[in-house]
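Listed below, chain by chain, are the residues.
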Amino acid sequence: MLSRLETQVLYCSDNLPKLRQFPADCIDLIYLDPPFFSNRRYEVIWGDEAEVRSFEDRWAGGIEVYIDWMRKRILELRRVLTARGSIYLHCDPHASHYLKILMDQVFGQDWFRSEIVWKRTGAHGSTKGYAPVHDCILYYAGPGHTWNPQHHGYRDEYLASKYKYHDERGRYTLITLMPPGIRSGETGEPWRGIDPTAKGAHWQNPPSKLEELDRAGMIYWARNGKGLPRLKRYLDNNAGVPVQDLWTDIAAINSQARERLGYPTQKPESLLERIIAASSHEDDVVLDPFCGCGTTVSVAERLNRRWIGIDISPTAVNLMVRRLKKYNPRLQFLTEGLPVTENDLRRLRPFEFQNWVIQKFNGTHSTRNQGTWELMVTASC
Ligand SMILES: C[S@@+](CC[C@H](N)C(=O)[O-])C[C@H]1O[C@@H](n2cnc3c(N)ncnc32)[C@H](O)[C@@H]1O
């Protein structure tokens with residue numbers, strides 16, 4: 001067991017034994033993006049060169065073996081998460097239904113908040129059937145959990161059709177001042193010669209308040225004052241649309257994306273920004289136990305959170321080190337578990353060894369040589 005929890009640390013380790021060393025109730029927010037149960041082979045071109053790396057996420061023993069493997073880890077995550085913490089489990093429709101049952105069992109149904117559908121791609125050629133274009137993110141949180149509402153901007157078509165008026169204060173839309181329903185009090189009285197009761201309606205505000213709004217230039221009079229008054233709502237006063245559980249506004253990393261590192265399954269920073277901003281405060285501790293090339297930790301650092309990343313792959317951890325140093329060359333953080341001795345290196349899988357050598361030389365993969373052990377490094381340092 002760790003005597004105290006270190007943060008701003010990257011562990012190169014299987015997350016299960018590492019999590020078992022953490023004290024209970026020490027993490028405020030967890031995002032996990034484990035290998036999916038999707039019988040797929042990811043292929044990736046590392047860097048700009050032509051090494052094609054296969055990334056197996058096939059689980060030979062079937063879904064039971066996968067869920068059993070996940071259960072051990074989810075139980076540890078439950079132990080380390082605070083009672084008011086939040087956890088987001090990123091998965092795809094091949095296993096989301098099994099994982100939801102597992103999450104319900106471990107956290108309790110009361111903790112379930114949302115099944116977020118992230119539409120990660122718009123176009124996908126599927127030979128026969130409905131093209132798969134979304135991932136699922138299961139969001140669970142304890143009672144009294146942190147919640148900072150998130151908003152996204154309006155779509156251009158919506159703005160063009162709704163916010164079509166402008167004045168010196170900016171762009172605005174019009175909303176009714178006369179909702180339906182007759183009232184007997186002040187809001188049912190005539191104002192400026194208009195009787196709401198005759199229209200089966202009432203004023204949104206008492207006439208004294210309407211006068212105030214009119215003096216402040218907040219009322220729009222249609223047909224040069226002869227039509228019905230309506231309230232101006234300015235775009236700048238409007239935070240946007242509250243984010244719901246269908247996320248269609250965040251694009252996956254494409255080949256042109258500036259943040260792209262070439263790591264298979266790299267998630268976009270804007271996805272993590274939303275999750276971290278919604279479910280944590282500055283200085284909270286954010287954990288990603290399958291952190292890949294470090295999207296979570298890098299966003300957490302930028303948003304002034306404390307963070308911990310774990311990944312079993314030295315290639316991933318080295319990539320994270322580079323990513324964090326590129327973000328801030330003076331950033332202080334720890335790494336633990338990266339191979340150091342000859343024996344450590346001998347234990348690496350061939351492609352991990354290959355990547356280790358290339359990363360050490362700050363090199364790029366040779367376009368000519370694809371051998372596993374026999375490799376050619378184009379050193380750029
Ligand atoms: C889907 S990727 C995560 C991608 C990440 N969200 C990103 O944006 O880069 C899954 C990661 O889990 C790591 N992994 C697989 N098994 C693991 C284990 N037992 N412990 C820790 N990491 C593991 C893999 O090395 C891989 O980097």
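Keep in mind that what you see is a predicted model, and the values were worked out from it rather than measured.

Peer 1: Before we move on, can you summarise the site of the ligand with the specific residues and values?
Peer 2: Around the ligand lies a shell of 21 residues, among which Asp33, Tyr263, Lys267, Thr295 and Asp311 are the nearest. Contact distances for the ligand include 3.0 Å between a nitrogen atom and a backbone N or O atom of Asn15. Side-chain polar atom of Tyr263 to an oxygen atom of the ligand: 2.6 Å apart, as the coordinates give it. Look at the ligand: alone it shows 610 Å² of surface, and the protein chains cover 94% of it. In the shell around the ligand, the residues fall into 9 nonpolar, 7 polar and 5 charged.

Peer 1: If you had to explain the sheet that holds strand S5 (residues 81-91) to someone new, which residues and values would you point to?
Peer 2: The strand order S14-S6-S7-S5-S2-S15-S16-S1-S17 describes an open sheet built from 9 strands, whose pairing is mixed. Lying at the two open borders of the sheet, with one neighbouring strand each, are strand S14 (246-247) and strand S17 (334-336). The pairing of strand S6 (residues 112-119) with strand S7 (residues 134-141) spans 7 bridges and is classified as antiparallel. Residue Ser114 lies in a different strand from S7, and its bridge partner there is Tyr139.

Peer 1: Run through the pairing of S7, naming residues and quoting values.
Peer 2: By the criterion of burial, S7 is predominantly enclosed, with 7 of the 8 residues buried. Taken together, the 6 bridges between S5 and S7 define a ladder with antiparallel strand orientation. Bridging from a neighbouring strand, Leu89 pairs with Leu138 of S7.

Reading guide: rules and limits
Residues numbered from 1 in each chain as written. Predicted model: local features only at pLDDT ≥ 70, side-chain atom pairs only at ≥ 80, totals over all residues. Heavy atoms only, no water. Near = heavy atom within 4 Å. Polar contact = N/O pair within 3.5 Å; in protein donor to acceptor, adjacent residues only side chain to side chain. Areas by Shrake-Rupley, 256 points an atom, 1.4 Å probe, with all protein chains shown as cover. Nonpolar A, V, L, I, M, F, W, Y, C, P; charged D, E, K, R; others polar. Pairing = 2+ DSSP bridges. Helix = DSSP H or I, 4+ residues; strand = E, 2+ residues; numbered from the N terminus. Buried < 20%, exposed > 50% of the residue type's maximum accessible area, 1.4 Å probe, protein only.

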